[in-house]
Amino acid sequence: MEERKRRSIAKVVSWRMTATFTTVIISYFITGNHSFALKIGVFEVIAKMFLQYLHERIWLKIKFGLPKPLDYQI
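Below is a summary of the structure that appears in this document. Here the structure is a predicted model, which is why all the values come from computation and not from measurement. Within each chain, residue numbers correspond to sequence positions counted from 1 in written order. The predicted nature of this model means local features are confined to residues of pLDDT at least 70 and side-chain atom pairs, given and counted, to a pLDDT of 80 or more, with totals for whole chains, interfaces and linings taken over all residues. Side-chain measures here rest on the full set of heavy atoms in the structure, leaving out hydrogens and waters.

## Considering the packing of helix α1 (residues 5-31) against helix α2 (residues 34-60)
The packing of two helices is summarised by the inter-axis angle and the distance between the axes.
Thinking step 1. Structural elements are reduced to axes, namely lines fitted to C-alpha atoms, with helices fitted over the stretch in contact, and the angle between N-to-C directions of any two is expressed from 0 to 180 degrees. Strands are runs of DSSP state E lasting at least two residues, helices are runs of H or I lasting at least four, and both sets are numbered from the N terminus onward. Remark: α1 packs on α2, axes separated minimally by 8 Å, with the N-to-C direction vectors making an angle of 150 degrees. With respect to each other, α1 and α2 are oriented roughly antiparallel. By crossing handedness, the relation of α1 to α2 is classed as right-handed.
Thinking step 2. Split into classes, the residues belonging to the contact of α1 with α2 amount to 15 nonpolar, 8 polar and 7 charged. Put simply, angles under 35 degrees are roughly parallel, angles over 145 are roughly antiparallel, angles from 65 to 115 are roughly perpendicular, and the rest are oblique. Left-handed describes a crossing whose near helix is turned anticlockwise from the far helix by less than a right angle; the clockwise case is right-handed. Each residue is assigned to one class: nonpolar for Ala, Val, Leu, Ile, Met, Phe, Trp, Tyr, Cys and Pro, charged for Asp, Glu, Lys and Arg, and polar for all the others, Gly among them.

## A few points about the pattern of salt bridges
Thinking step 1. By salt bridge we mean one thing: a side-chain nitrogen of Lys or Arg within 4 Å of a carboxyl oxygen of Asp or Glu. Taken as a whole and judged by the stated rule, the model has 2 salt bridges.
Thinking step 2. As a salt-bridge pair, K48 and E44 come within 3.6 Å of each other at their nearest N and O atoms. Pair noted here: K48 and E44 are both in helix α2, with a separation of 4 residues, about one helical turn.
Thinking step 3. Taking relative accessible area as the criterion, K48 reaches 40% and is therefore assigned partly exposed. We call a residue buried when its accessible area falls under 20% of the maximum for its residue type, exposed when it is over 50%, and partly exposed in between, using a 1.4 Å probe and counting protein chains only.

## Some words on a nonpolar patch on the surface
Thinking step 1. Each patch is built from salt-bridge-free residues with over 30% relative accessible area, joining like charges within 9 Å and nonpolar side chains (Val, Leu, Ile, Met, Phe, Trp, Tyr) within 5 Å. Accessible surface is estimated by sampling points in the Shrake-Rupley manner with a 1.4 Å probe; for residues, cover comes only from the protein chains shown. Together, F50, L51, L54, I58, W59, I62 and F64 line one region of the surface with nonpolar side chains, adding up to about 740 Å² of accessible area.
Thinking step 2. With respect to the helices and strands, the residue L51 is situated in helix α2.
Thinking step 3. Look at L51 and you get exposed, because its relative accessible area is 52%.

## Some thoughts on the side chain of S27
Thinking step 1. The residue S27 is located in helix α1 in this model.
Thinking step 2. The exposure class of S27 is buried, given its relative accessible area of 8%.
Thinking step 3. Any two residues whose heavy atoms approach within 4.5 Å at even a single point are treated as in contact. Residues contacting S27, with those up to four places away along its chain left out, are G32, A37 and I40.

## Here's the deal with α1
Thinking step 1. Given a rise of 1.5 Å per residue, 27 residues ought to cover 39 Å, and the 37 Å separating the end C-alpha atoms of α1 matches this to within 8%.
Thinking step 2. Just downstream of α1, G32 is the residue with a positive phi angle, here 75 degrees. Each residue after the first adds 1.5 Å to the expected span of a helix.

## Looking at the packing of aromatic side chains
Thinking step 1. Note on ring pairs: Phe, Tyr and Trp rings are taken, using the six-membered ring of Trp, and paired if centres are within 6.5 Å. Classes follow the plane angle, with under 30 degrees stacked, over 60 edge-to-face and the rest tilted. Within the structure shown, the criterion is met by 1 aromatic pair.
Thinking step 2. An angle of 55 degrees between the planes, with centres 6.0 Å apart, marks the rings of Y28 and F29 as tilted.

This is the structure in structure tokens:
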């Protein structure tokens, strides 16, 4: 069964929410500045959502690790 594009997008969004929250917290601890930490988080979420979506779509074309289809059925 092929994964649909909507599912890839939903997975990207749910993961990015978690990962961006982590980035904002780490950025705040490093910079001590709420505003700068949020700006880093906004830039990071946009860039990484796009890149992860591309990554997911590329992996759907790679056959590595997938079971081979049967040549016949009984």
